[in-house]
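Chain by chain, the residues run as shown.
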Amino acid sequence: MMPADLSVGVIGLGAMGRPMADTLMGAGFDVTGFDMEPSRAIGLAHVADSVEDIGRTCDVTLLSLPNSAIVEQVCAKLFAVAPQGHLILDTSTAEPASTRALQAEAAKHGIGFVDGPVSGGAKGAGSGTLLVMAGGIERDVERAMPVLDAMARKVVCCGGSGAGNVAKLINNLLCAAHLSLAGEALQLADKAGLAIDALLDALNAGSGRSAVTEVNLPTWVLSDAYDSGFTMGLMRKDVRLAAALADDLGAEVPMAALAAARWADSVDDLTEGADFNRMVDLSRAVADRDKDAAS
Ligand code: NAD
C-alpha cells in the first residue's frame, strides 16, 4: 500500500511523537495528530479534537505515550469506536504484560495491535532513522510495515505480542547501566590524571566502547548540552520495568539489580524532567560524595 492511501493518527505529540508525525507526513502519509496538550500540535496540518476522532477516521493509530496506564486508557477509547480492520501501533515503551492484554482485547474488536517501541531518540524520530523493536502477530506486523519503514533505519521483528517491549526494556537496562558505569570510568580517569579526550579516543577504538561512549558522552555530557530529549523520569520507568520483568521471570540479575537501585535512588538528586545523561555526572561524583559523608 502507498503512503498516500494510508491515514495515520498520531496520539502523543511529545519529544518523540511530534517528530514521528512530521517524518510520516514527509514520507507522504495522511497524518492527523492529537495530544491532550493542544500546544504540542501547533503547525501540524491536521489536528483531531479527541482520541475517538482518530479512532473513527484513521486507518492506523500510532501511540507515543508516557506509560502503560495511559496507553490502556487511550486504547479503551479506541476500542469503543474504531472499525474492524483498524490497526494500533504502540511505539511507547510499555509493560509487556499490558501489551499482551491489549493485543488480546484489540483482537476481540477485530483491531490489530503491534508493539513497536523505538530507540534513536528525537533526532532519529525526526530523520526517520529509528530502530523499531516490533512484537505482534505476523499479519499485524506486516500491515504496520509501511509506517515502520518510513520511521526506521531498521525494524527488528522480535516475536509475538510484547516481544518488542521485552527487547526495548533490555536495551534500555543496558544503556542505563552503561551510563552509570561511564560516570565511574570518568571518575577513575579524573583521579588518574588522564585526559578525557584521550580516554574516549582509546575506549571508542577498544572493546570497552558502547553507544554511551560513542554517542552520549561526546554529544550530551562532555559538550554540556544535556538536550537529548529523553528524561530521567522516562529512563527510571524503563529500568524499573526491566527489574520488574526480571522479578516476574525469576531471573537472577544481580548486576542489573544494582543498576536499577542506582537509578531508583537518583530521585534524591535528579528531577523527573532532567536529561537522562545527567546520570553520568551523578555516578562520576557519587564516590567522592560518599567519601565526604563518611569522613
Ligand atoms: P513526552 O512526555 O515528551 O510526550 C508524551 C506526550 O503524550 C505528551 O505530549 C503528553 O501531553 C501526551 N499525552 C499524555 N497523556 C495523553 C493522553 N491521555 N492523550 C493524549 N496525549 C497524551 O514523552 P516522549 O519522550 O515523547 O516519550 C514517549 C514514549 O516514547 C515513552 O514511552 C518513552 O519511554 C518512549 N521513548 C522516548 C524516547 C526519547 O528519547 N524521548 C526514546 C525512545 C522511547
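Refer to the structure presented above.
Residues numbered from 1 in each chain as written. Predicted model: local features only at pLDDT ≥ 70, side-chain atom pairs only at ≥ 80, totals over all residues. Heavy atoms only, no water.

Caption draft 1: View of unusual backbone geometry. Phi at Asp-224 takes a positive value of approximately 65°, unusual for a residue other than glycine. Position of Asp-224 among the secondary structure elements: in the loop between helix H9 (211–221) and helix H10 (232–249). In this structure Asp-224 comes out as exposed when scored by relative accessible area, which is 56%. (Helix = DSSP H or I, 4+ residues; strand = E, 2+ residues; numbered from the N terminus. Buried < 20%, exposed > 50% of the residue type's maximum accessible area, 1.4 Å probe, protein only.)

Caption draft 2: Broad picture of the nonpolar core. One finds Val-8, Val-10, Leu-24, Phe-29, Leu-62 and Val-147 to be the most contacted residues of the largest nonpolar core, which totals 28 residues. Residue assignment for this core shows that the elements contributing at least two residues are strand S1 (7–11), helix H1 (17–26), strand S3 (60–63), strand S4 (87–90), strand S7 (130–135) and helix H6 (138–151). The element best represented in this core is H6, accounting for 6 residues. In contact with Leu-24, other than residues within four places in its own chain, are Val-8, Val-10, Phe-29, Val-31, Leu-62, Val-147, Ala-150 and Met-151. Formed by 24 residues, the second largest nonpolar core is a distinct cluster that contains Leu-186, Leu-217, Trp-263 and Val-280. (Core = buried A, V, L, I, M, F, W, Y, C linked by side-chain atoms within 4.5 Å. Contact = heavy atoms within 4.5 Å.)

Caption draft 3: Here's a closer look at the site of the ligand. Inspection of the region around the ligand gives 25 residues, with Ala-15, Met-16, Asp-35, Arg-40 and Leu-65 positioned closest. Between the ligand and the protein, one listed contact pairs an oxygen atom with a backbone N or O atom of Ala-15 at 2.9 Å. Take Met-36: an N or O atom from its main chain is 3.3 Å from a nitrogen atom of the ligand. Alone, the ligand offers 840 Å² of accessible surface; in the complex the protein occludes 87% of this. Secondary structure elements with two or more residues in the shell around the ligand: helix H3 (68–81) and H10. Its residues assigned to classes, the shell around the ligand comprises 13 nonpolar, 7 polar and 5 charged. (Near = heavy atom within 4 Å. Polar contact = N/O pair within 3.5 Å; in protein donor to acceptor, adjacent residues only side chain to side chain. Areas by Shrake-Rupley, 256 points an atom, 1.4 Å probe, with all protein chains shown as cover. Nonpolar A, V, L, I, M, F, W, Y, C, P; charged D, E, K, R; others polar.)

Caption draft 4: Molecular detail of the state of the cysteines. Across all of its chains, the model carries 0 disulfides by this definition. Not engaged in a disulfide, the cysteine Cys-58 finds its nearest cysteine sulfur in Cys-75; these two sulfurs lie 14 Å apart. Here Cys-158 stays free of any disulfide, with the sulfur of Cys-157 as its closest cysteine sulfur at 7.5 Å. (Disulfide = S-S within 2.5 Å.)

Caption draft 5: Molecular detail of H9. Those residues of H9 that sit buried are Val-212, Thr-213, Asn-216, Leu-217, Trp-220 and Val-221. In an axial view of H9, the angular spread of the buried residues amounts to 125°, which keeps them on one side of the axis. (Arc of directions from axis to C-beta.)

Caption draft 6: How the structure looks around the pairing of strand S8 (residues 152–159). One ladder, built from 6 bridges, connects S7 with S8; its direction is parallel. By the bridge assignment, Ala-134 is partnered in S8 with Cys-157. For the crossover from S7 across H6 to S8, the handedness is right-handed. (Pairing = 2+ DSSP bridges. Right-handed = clockwise from strand over helix to strand, strands pointing away.)

Caption draft 7: Spotlight on the packing of aromatic side chains. In total, this model carries 1 aromatic pair according to the counting rule given. On the basis of an interplanar angle of 75° and a centroid distance of 4.9 Å, the ring pair of Phe-230 and Phe-276 is categorised as edge-to-face. Here Phe-276 lies in the loop between helix H11 (254–265) and helix H12 (278–294) and Phe-230 lies in the loop between H9 and H10, a separation of 46 residues in the sequence. Judged by its relative accessible area of 22%, Phe-230 is partly exposed. (Phe/Tyr/Trp six-rings, centres within 6.5 Å; stacked < 30°, edge-to-face > 60°.)

Caption draft 8: Molecular detail of the pattern of salt bridges. The full count for this structure, using the stated rule, is 8 salt bridges. Notably, a salt bridge pairs Arg-18 with Asp-22, separated by 3.3 Å at the nearest N-O pair. With Arg-18 and Asp-22 both in helix H1, this residue pair falls 4 residues apart, about one helical turn. For Arg-18, a relative accessible area of 18% translates into the label buried. With its nearest N and O atoms 3.8 Å apart, the salt bridge here joins Lys-237 to Asp-238. Given a relative accessible area of 9%, Lys-237 falls into the buried group. (Salt bridge = Lys/Arg side-chain N within 4 Å of Asp/Glu carboxyl O.)

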